[in-house]
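A closer look at the structure
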Number of protein chains: 2
Amino acid sequence: MTDLTARLDQLPTPCLVLDEARMRRNVRRLAAQAQALGVTLRPHLKTAKSVEVARRVLTGGTGPATVSTLAEAETFAAAGVHDILYAVGIAPQKLPRVLALRDRGCDLVILVDSLTQARAVADAARAAGKPIPALIEIDSDGHRGGLSARDPDLIEIGRTLHDSGAGLRGVMTHAGESYGVSGRAAHAEFARRERDATVAAAEALRAAGLPCPVVNVGSTPTAHAAEDLSGVTELRAGVYMFFDLFMAGIGVCDIDDLALSVLATVIGHQPDRGWILIDAGWMAMSRDRGTATQAVDQGYGLVCDVRGRVYPDLIVKAANQEHGIIALRPGSSATLPDLPVGARLRILPNHACATGAQHASYHVIPDGPDGELLEWPRFGGW
Amino acid sequence: MTDLTARLDQLPTPCLVLDEARMRRNVRRLAAQAQALGVTLRPHLKTAKSVEVARRVLTGGTGPATVSTLAEAETFAAAGVHDILYAVGIAPQKLPRVLALRDRGCDLVILVDSLTQARAVADAARAAGKPIPALIEIDSDGHRGGLSARDPDLIEIGRTLHDSGAGLRGVMTHAGESYGVSGRAAHAEFARRERDATVAAAEALRAAGLPCPVVNVGSTPTAHAAEDLSGVTELRAGVYMFFDLFMAGIGVCDIDDLALSVLATVIGHQPDRGWILIDAGWMAMSRDRGTATQAVDQGYGLVCDVRGRVYPDLIVKAANQEHGIIALRPGSSATLPDLPVGARLRILPNHACATGAQHASYHVIPDGPDGELLEWPRFGGW
């Protein structure tokens, strides 16, 4: 770390910095949790959107993965990932791209939660003479999509997929509402709901004579808090590899687990207002204000020095497109640090998925002694 | 427009759609306003980030422009734009790129608001033996950067720039607080403050024997509401070329002036909750919730049919990374439209700058009869 400051000082700002050692620690933590629970971890790559990160996060570098777009599926499949779940309800117009990816040897599995979708998938599979295996999305907490495990359509959807040759691969749920509660006990309760809902749906399908090999659950809070996943086969999580202020705010991680930050440069001051202006605005941080409704509002991010040491109570209190305004948290008794024009800072983001998406690459502090900075490309789009 | 629906139905979703006729109408409106006020319009390209848009927005396709990043300056200069204002306070580390662009024949002008910056610019200009002309940022409303027109440092900054050979080009202000008020009269008051502050600063510099050829003001609300810009030479605005729900919410434009939308596909329903799920979440819309504090909260966007006709009271009420949840506005007496899985919609965004930045290209409905859709690339980064 001797020359780290000097190396970060060479980078144009704003830019995205990734602490590989922290990332690897986060990855090991959840891998151990999945192993202890006896389930397969299927990391969600929507946060990372990087082949280099995927190589370090997936089992064997290629192992089961989850994605949120077909662009991710296509990019990771081209990089050798051959077991992918596209975990957003399918639009029928996307089935030709799904088939094309499967034809290239990727076991891409899709998601449905309606008879309309199941019939479209069945028709496409019949027309192609090839399977298009799907999971059925189960709603465990009223968050967004999915059927109730007791919905009478469940069996008909399963039968439509199975009988057409498309293939019924199993069931899946996502307890997105777990983001709204804090602490391990509260997250464990949502993990129980994920397990109970999916296991009930799987048992209903099996009782109807249908296959249901996969029972897939997860969100970063529930994945870390789950205590018993009997009947579940796979666990999903995405933001855990980097973590962020939102996850720290609900007690899933500590601030020093955060692997991602935005490097910025001081460009001005308004001493009468106690403001320090930086060249990282919402274009660099994203517009995400997820901590606004948490116990501690972190503004657009928490300010650290270039080595990553947090300044007490110093946050990006406001952001324009290319300007961030740094100030002490309201009511703080801390002293505004002396940060002259040209000084370098690192800002910890509210939401790693959103902040990452604003950047074309990671500048990586490698895990190991005295390494040079690396640059890993990111991608976006659909 | 006969085949427009069919053409939009061919596009993968989510994607960004630009209505060129609306854009040209918005551009003509502000050009006429600048002409009537007797000032030069210097459009801000931070919203568009597209060479194709710049060609249609700038005077003669190359004329004066404003940018928010050096990446924009470099891209537009390479496309033939040779008169550019980089309107974010300069970090000294960025001066080598500024000099390199100036060496390539672009009259790139930078912004300073402190003696520290002015001295760094003066030193760099002396070391290079070349001018690095700058505007001095004036604070007219307490929004972010800039000096008071009466700040004693103003003259010393001007003299430092001028005497070093860097070059004092003039003064600039941005009434960002005008976004927080509604209606022409309120915006006109901020336009008066912009004019009064910059003209006072220009007069102070000239009284000290310093040159001040440029007096530059602007924001989209003040640019449209200004009534008298005596003493001002240049007007800036950016989002006006596309407009957005935020600008409509403060009365700068009407909903049918909005040129930008996100094309999305219905992927599911939760009938018990009155929800329609689409494949445009915050990754496609951005996390911008700028209308949340306005009289009418538009959620993550206002829902239109594929031809751009607004559905009464239908908004994207919530967004996850790749999911949008559409619902009727709370308290609405409208009926939820019947939009089956696979239906195409267009979502008007809160903030064109933020939504545009989430996409790699515009899919353009051309201005003219019966045109094919075009695709214009966008760029990002710093």
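Residues numbered from 1 in each chain as written. Chains lettered and ligands numbered in written order. Predicted model: local features only at pLDDT ≥ 70, side-chain atom pairs only at ≥ 80, totals over all residues. Heavy atoms only, no water.

What follows concerns the sheet that holds strand 5 (residues 107-112) of chain B. As summarised here, the arrangement of the eight strands in space is 2-9-8-7-6-5-4-3 (chain B), forming an open sheet in which the pairing is parallel. The strands lining the two open edges of the sheet, one partner per strand, are strand 2 (40-41) and strand 3 (65-67) of chain B. (Pairing = 2+ DSSP bridges. Helix = DSSP H or I, 4+ residues; strand = E, 2+ residues; numbered from the N terminus.)

All names here are of chain A. Assigned domains of chain A: these are domain 1 (4-15 + 252-377) and domain 2 (44-237). Spacing between the C-alpha centres of domain 1 and domain 2 amounts to 35 Å. Taken together, the contact between domain 1 and domain 2 spans six residues of the former and twelve residues of the latter. Carbon and sulfur atoms make up 70% of the surface buried where domain 1 meets domain 2, a total of about 740 Å² over both sides. Our count for the domain 1 to domain 2 interface comes out at zero salt bridges. Counting every contact that joins domain 1 to domain 2 gives one residue pair in polar contact (both at pLDDT 80 or more). Those elements giving two or more residues to the side of domain 1 that touches domain 2 turn out to be helix 12 (352-356) and strand 17 (374-377). Residues belonging to the side of domain 1 that touches domain 2 are distributed by class as follows: six nonpolar, no polar and no charged. (Domains from an automatic or database assignment. Contact = heavy atoms within 4.5 Å. Buried area = accessible area lost by both parts, 1.4 Å probe. Salt bridge = Lys/Arg side-chain N within 4 Å of Asp/Glu carboxyl O. Polar contact = N/O pair within 3.5 Å; in protein donor to acceptor, adjacent residues only side chain to side chain. Nonpolar A, V, L, I, M, F, W, Y, C, P; charged D, E, K, R; others polar.)

In terms of nonpolar packing, the biggest core is built from 242 residues, with Ile136(A), Phe242(A), Ile136(B) and Phe242(B) touching the most fellow members. Ignoring any residue separated from it by four or fewer positions in sequence, one finds Ile136(B) in contact with Leu111(B), Val112(B), Leu147(B), Leu154(B), Ile157(B), Gly158(B), Leu161(B), Leu168(B), Gly170(B), Val171(B), Met172(B) and Leu205(B). With nine residues, the next largest nonpolar core counts Cys15(A), Val17(A), Leu263(A) and Ile365(A) among its residues. (Core = buried A, V, L, I, M, F, W, Y, C linked by side-chain atoms within 4.5 Å. Buried < 20%, exposed > 50% of the residue type's maximum accessible area, 1.4 Å probe, protein only.)

Attention shifts here to the sheet that holds strand 4 (residues 83-89) of chain A. Residue and element names in this part refer to chain A. As summarised here, the arrangement of the eight strands in space is 2-9-8-7-6-5-4-3, forming an open sheet in which the pairing is parallel. A single partner strand is all that each edge strand has here, and the edge strands are strand 2 (40-41) and strand 3 (65-67). Where strand 7 (residues 168-172) meets strand 8 (residues 214-217), three bridges bridge the pair, whose relative direction is parallel. Note that in strand 8 the partner of Met172 across the bridge is Asn216. Against the sheet, helix 8 (residues 184-207) contacts strand 6 (134-137), strand 7 and strand 8, and its axis sits at roughly 160 degrees relative to strand 8. (Axes fitted to C-alpha atoms, helices over the stretch in contact; angles between N-to-C directions.)

Moving on to the pairing of strand 11 (residues 275-278) of chain A. All names here are of chain A. Here strand 11 shows no split at all, with Trp275 and Leu277 on one side and Ile276 and Ile278 on the other all buried. Here strand 10 (residues 260-270) folds back onto strand 11, and the loop between the two strands holds four residues, one of which, Gly274, carries a positive phi near 70 degrees. Two strands pair when backbone bridges link them, and strand 11 and strand 14 (residues 324-328) are joined in this way by three bridges, in the antiparallel orientation. The residue of strand 14 that forms the bridge with Ile276 is Ile326.

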